[in-house]
Amino acid sequence: MGNSLDRIADAAGRFAILAIDQRDSLRTMLAKAGLPNGDADLSSFKVDVIDALSPLATGVLTDAEYGAGPARRSGALAVSAGLLIAADRSPQPKWHGEPRPEYDPGRGPEYVAAAGGVALKFLVRWRPDRPAREGEPDLAAEAVEAVRRVVEDCRAHGMPAVIEPLVAKLPGEQSLDAAQTRRLVVRSAQLLAELGPDLLKLEWPGDADGCKELTEVCGNVPWALLSAGVPYERFVERVLTAMDAGASGYIAGRAFWGEAASLTGEARREFLRTTAAERMRRLNAAIEGRGRSWREVAKGGR
């Protein structure tokens, strides 16, 4: 670790980052609502979200395909919000239905900088305890190697690497119980923190004790909580719990703007300017003085 996160943090070194990097999943959301979902429609949606909410954010996480260019050209992106660019492909590569994270250097720091980004975000869908079977690729080892390459490439270019691990189910696995989820989220964070990313965007581990475990295993790597589309009030509770346990903020989208995916035109923009913006303001006020500065964490503070 060693790249500054100040351009996506507030003056206290904490994160209130708006996420609108969905691509295929956003197309699906619009389609399910019976709305147009072509490329231009995705860009229009992202511009509306960024225009309404980026003034309240310390940073904006979006994509180069549909979000960054239109937002910058339209003037929707607030000058105070640093831009994170998703380097992962959408949809992601798979092997026989299982996620297989791959890092494409052509979508690395130079790609991010060309899109106006000041930090790179890489999504890793994986199962850290997936066994390596004879005659099959070792998907867990490949995921670790992909993240290692991302971190090294970002370090060489002086750009922060933000890693987002999401725990996947194994083939034939119906669901994960709370204990399994906590164990896997913590183990995933531990393994990837050892590679030295600048920031981890992490799933909810289940409770306050799980958040404390995350803080412990992340060591001098700061972490922020993702929303995973949970209802707003539940997300607020989770963020406060996570920050009281050592997290440095949040990176979230659908908890703020989710319902906008069923709206169009002025109705959508009105929802974003009022309901979504008020949600973000309330959460930002609630986290004031909570959590740890990323600088404190990076220096080894507890």
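If you're wondering where the values come from, they're calculated on a predicted model, not measured in any experiment.

Caption draft 1: Looking closely at the packing of aromatic side chains. Tallied over the entire structure, the rule returns six aromatic pairs. A ring pair is formed by Tyr-232 and Phe-256, whose centres lie 6.3 Å apart and whose planes are at 50°; its orientation type is tilted. Here the residue Tyr-232 occupies a position in helix 8 (residues 232-244), and Phe-256 occupies one in helix 9 (residues 254-257), the gap between them amounting to 24 residues. Since its relative accessible area comes to 8%, Tyr-232 is described here as buried. Judged by centre distance (6.5 Å) and plane angle (85°), the ring pair of Phe-235 and Phe-256 falls under edge-to-face.

Caption draft 2: Broad picture of helix 7 (residues 208-218). Every buried residue of helix 7 is listed here: Gly-210, Cys-211, Leu-214, Thr-215 and Cys-218. Around the axis of helix 7, the buried residues are gathered within 145° of arc, so they sit on the same side. Packing partners of the buried residues in helix 7 comprise helix 6 (178-193), strand 8 (199-202), strand 9 (223-226) and helix 8. Regarding helix 7, its N-cap is Asp-207, as a side-chain oxygen of that residue lies 3.2 Å from the backbone nitrogen of Asp-209 further along.

Caption draft 3: Highlighting the pattern of salt bridges. Taken as a whole and assessed by the stated rule, the structure comprises 30 salt bridges. A salt bridge links Asp-88 to Arg-23; the shortest N-O distance between them is 2.9 Å. Residue Asp-88 is located in the loop between strand 3 (82-86) and strand 4 (94-95), and its partner Arg-23 is located in the loop between strand 1 (15-19) and helix 1 (24-32); the two are separated by 65 residues in the primary sequence. Per residue, the accessibility class of Asp-88 equals that of Arg-23, and both read buried. The partner of Glu-278 in a salt bridge is Arg-281, and the shortest N-O contact between them spans 3.8 Å. One end of the pair is Glu-278 and the other is Arg-281, both in helix 10 (residues 265-286) and three residues apart, which spans about a single turn. Overall, Arg-281 belongs to the partly exposed group, its relative accessible area being 42%.

Caption draft 4: Summary view of the layout of surface pockets. Here the largest pocket defines a volume of roughly 910 Å³. Around the largest pocket sit 35 residues that line it, and Ser-25, Leu-123, Arg-125, Glu-164 and Leu-166 are the ones nearest its centre. Breaking the lining of the largest pocket down by element, the ones donating at least two residues are helix 1, strand 6 (119-126), strand 7 (161-167) and strand 10 (249-252). Per-class residue counts for the lining of the largest pocket are 14 nonpolar, seven polar and 14 charged. In this structure, the second largest pocket encloses a volume near 180 Å³. Along the lines of polarity and charge, the residues of the lining of the second largest pocket split into five nonpolar, three polar and three charged.

Caption draft 5: Representation of the state of the cysteines within the structure. Overall, the coordinates contain zero disulfides when judged by the stated rule. Just so you know, Cys-154 is unpaired, no disulfide at all, and the nearest cysteine sulfur is the one on Cys-218, 18 Å from it. Summary of cysteine pairing: Cys-218 is not part of a disulfide, and the nearest cysteine sulfur, belonging to Cys-211, is at 11 Å.

Caption draft 6: Spotlight on the pairing of strand 7. Burial within strand 7 is extensive, with seven of its seven residues counted as buried. The two faces of strand 7 match: Ala-161, Ile-163, Pro-165 and Val-167 on one face and Val-162, Glu-164 and Leu-166 on the other face are all buried. One ladder, built from seven bridges, connects strand 6 with strand 7; its direction is parallel. Each bridged residue has a counterpart across the sheet, and for Leu-120 the counterpart in strand 7 is Ala-161.

Caption draft 7: Summary view of unusual backbone geometry. At His-96, a position not held by glycine, the phi torsion is positive, near 50°. As for its position among the elements, His-96 is in the loop between strand 4 and strand 5 (98-99). Positioned with a positive phi, Ala-228 is a non-glycine residue whose angle comes to about 55°. The class for Ala-228 is partly exposed, based on a relative accessible area of 48%.

Caption draft 8: How the structure looks around the side chain of Asp-153. In this structure, Asp-153 sits in helix 5 (residues 139-157). Of the side chains bearing the opposite charge, Arg-149 lies closest to the buried Asp-153, which forms no salt bridge; the N-O distance is 6.9 Å. Once residues lying within four places of it in the same chain are set aside, the contact partners of Asp-153 are Tyr-103, Pro-105 and Pro-109.

Caption draft 9: Representation of the nonpolar core in the model. Leu-53, Trp-223 and Tyr-250 are the most contacted members of the largest nonpolar core, which totals 84 residues. Sort the elements by how many residues they give to this core and helix 5 lands first, with eight residues. Setting aside anything within four residues of it in sequence, one finds Tyr-250 in contact with Phe-15, Ala-16, Ile-17, Ala-224, Leu-225, Phe-235, Val-239, Phe-256, Met-280, Leu-283, Asn-284 and Ile-287. Counting residues in hydrophobic clusters, the runner-up holds 15 residues, among them Ile-8, Phe-15, Leu-84 and Ile-251.

Procedures and definitions
- Residues numbered from 1 in each chain as written.
- Predicted model: local features only at pLDDT ≥ 70, side-chain atom pairs only at ≥ 80, totals over all residues.
- Heavy atoms only, no water.
- Phe/Tyr/Trp six-rings, centres within 6.5 Å; stacked < 30°, edge-to-face > 60°.
- Helix = DSSP H or I, 4+ residues; strand = E, 2+ residues; numbered from the N terminus.
- Buried < 20%, exposed > 50% of the residue type's maximum accessible area, 1.4 Å probe, protein only.
- Arc of directions from axis to C-beta.
- Contact = heavy atoms within 4.5 Å.
- Polar contact = N/O pair within 3.5 Å; in protein donor to acceptor, adjacent residues only side chain to side chain.
- Salt bridge = Lys/Arg side-chain N within 4 Å of Asp/Glu carboxyl O.
- 1 Å grid on protein atoms, 1.4 Å probe; cavity = no way out; pocket = protein on both sides within 12 Å on 5 of 7 lines; lining within 4 Å.
- Points joined across faces, edges and corners; volume = space filled by probe spheres on them.
- Nonpolar A, V, L, I, M, F, W, Y, C, P; charged D, E, K, R; others polar.
- Disulfide = S-S within 2.5 Å.
- Pairing = 2+ DSSP bridges.
- Lys, Arg positive; Asp, Glu negative; His and termini not counted.
- Core = buried A, V, L, I, M, F, W, Y, C linked by side-chain atoms within 4.5 Å.

Function-wise, these values are silent; they only describe arrangement.
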